[in-house]
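Examination of the molecular architecture
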Amino acid sequence: MIIAGNWKMHTDLVEGASLVAEVIERTESLALDADLVLCPPFTHLTVAATQLSGSSISLGAQHMHDAPEGAYTGEVSARMLLTSGCGYVILGHSERRTYFNESNTSVNGKVRSAISAGLTPIVCVGETLEDREAGRTEEVVGEQVRAGLSDADPGTADGLVLAYEPVWAIGTGRVATPDQADQVHGHLRKVIADMFGDAFAGRIRIQYGGSVKPENAGALMARPHIDGALVGGASLDASSFEAIVRAGLGINGG
Ligand code: PGA
């Protein structure tokens with residue numbers, strides 16, 4: 001089970017530091033049973049890393065460039081993230097694909113560069129509403145995985161995380177049903193089995209993302225192919241994030 005909070009472009013440094021502190025207080029003991037990852041904005045990483053050191057909660061970034069260094073104003077590299085305390089990086093998020101023109105090819109470069117630097121990529125895939133209504137969901141996400149992970153060598157299944165995030169469910173309050181999500185996750189596992197073998201596919205963690213809330217998290221993560229959640233809006237509230245982690249672990253109350 002791996003549950004990550006994608007803060008996107010929210011919180012200033014002071015608000016971010018208090019959110020990290022509250023998340024630590026509420027979820028530290030739960031982090032022994034699930035991998036928990038916080039992905040704040042770049043500017044917060046080193047402060048968050050200091051706060052999280054000594055806890056079992058990991059740090060991730062939301063994006064990176066694929067080059068190791070160079071004249072790319074405004075960008076950061078895998079090594080910069082690693083040396084700022086990150087263990088994970090979200091890659092290919094649909095907001096990056098939509099607003100910053102990321103393609104399966106550019107995502108692939110980033111995935112390979114993250115892995116070779118020692119970061120664990122959380123690779124996001126998902127179909128638009130138009131794709132779903134045209135019956136193209138499996139084809140679209142399958143291609144995103146095949147192209148995005150082409151020639152990537154994560155070593156073991158722990159070195160890679162997939163996140164299925166239907167574009168129509170992100171930030172919309174409209175969540176995929178557990179059946180819909182589990183079906184796509186099962187398909188993704190088959191694509192991974194073709195690429196990396198059955199043992200790897202059996203172990204790789206596939207998160208669901210898109211309007212995950214305390215009320216729907218338990219039913220989603222109870223499904224056999226759903227191994228965690230990538231949480232946007234609800235991760236900005238420490239008590240909601242805690243409730244999602246508890247729901248994922250099947251623990252009630254707080
Ligand atoms: P949301 O975002 O939970 O706010 O829908 C999820 C994501 O974009 O990772």
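1. Overview of the site of the ligand
Every residue close to the ligand is listed here: Asn 6, Lys 8, His 93, Glu 165, Ala 169, Ile 170, Gly 171, Gly 210, Ser 211, Leu 230, Gly 232 and Gly 233. Between the ligand and Ser 211, the relevant distance is 2.7 Å, taken from an oxygen atom to a main-chain nitrogen or oxygen of the residue. Take Gly 233: an N or O atom from its main chain is 2.8 Å from an oxygen atom of the ligand. Isolated, the ligand exposes 280 Å² of accessible area, and the fraction of that covered by the protein chains is 96%. Split by residue class, the shell around the ligand holds 3 nonpolar, 7 polar and 2 charged.

2. Digging into the packing of helix H1 (residues 13-27) against helix H2 (residues 45-52)
At a closest axis distance of 10 Å, the pairing of H1 and H2 adopts a crossing angle of 25°. As summarised for this structure, H1 and H2 are arranged roughly parallel, according to the angle between their axes. As for how H1 packs across H2, the hand of that crossing is right-handed. Only Val 47, Ala 48, Gln 51 and Leu 52 of H2 make contact with H1, whose side of the interface consists of Leu 13, Ala 17, Val 20, Ala 21 and Ile 24. Taken together, the residues of the contact of H1 with H2 break down into 8 nonpolar, 1 polar and no charged.

Cut-offs used in this document
- Residues numbered from 1 in each chain as written.
- Predicted model: local features only at pLDDT ≥ 70, side-chain atom pairs only at ≥ 80, totals over all residues.
- Heavy atoms only, no water.
- Near = heavy atom within 4 Å.
- Polar contact = N/O pair within 3.5 Å; in protein donor to acceptor, adjacent residues only side chain to side chain.
- Areas by Shrake-Rupley, 256 points an atom, 1.4 Å probe, with all protein chains shown as cover.
- Nonpolar A, V, L, I, M, F, W, Y, C, P; charged D, E, K, R; others polar.
- Axes fitted to C-alpha atoms, helices over the stretch in contact; angles between N-to-C directions.
- Helix = DSSP H or I, 4+ residues; strand = E, 2+ residues; numbered from the N terminus.
- Parallel < 35°, antiparallel > 145°, perpendicular 65-115°, else oblique.
- Left-handed = near helix turned anticlockwise from the far one by under 90°.
- Contact = heavy atoms within 4.5 Å.

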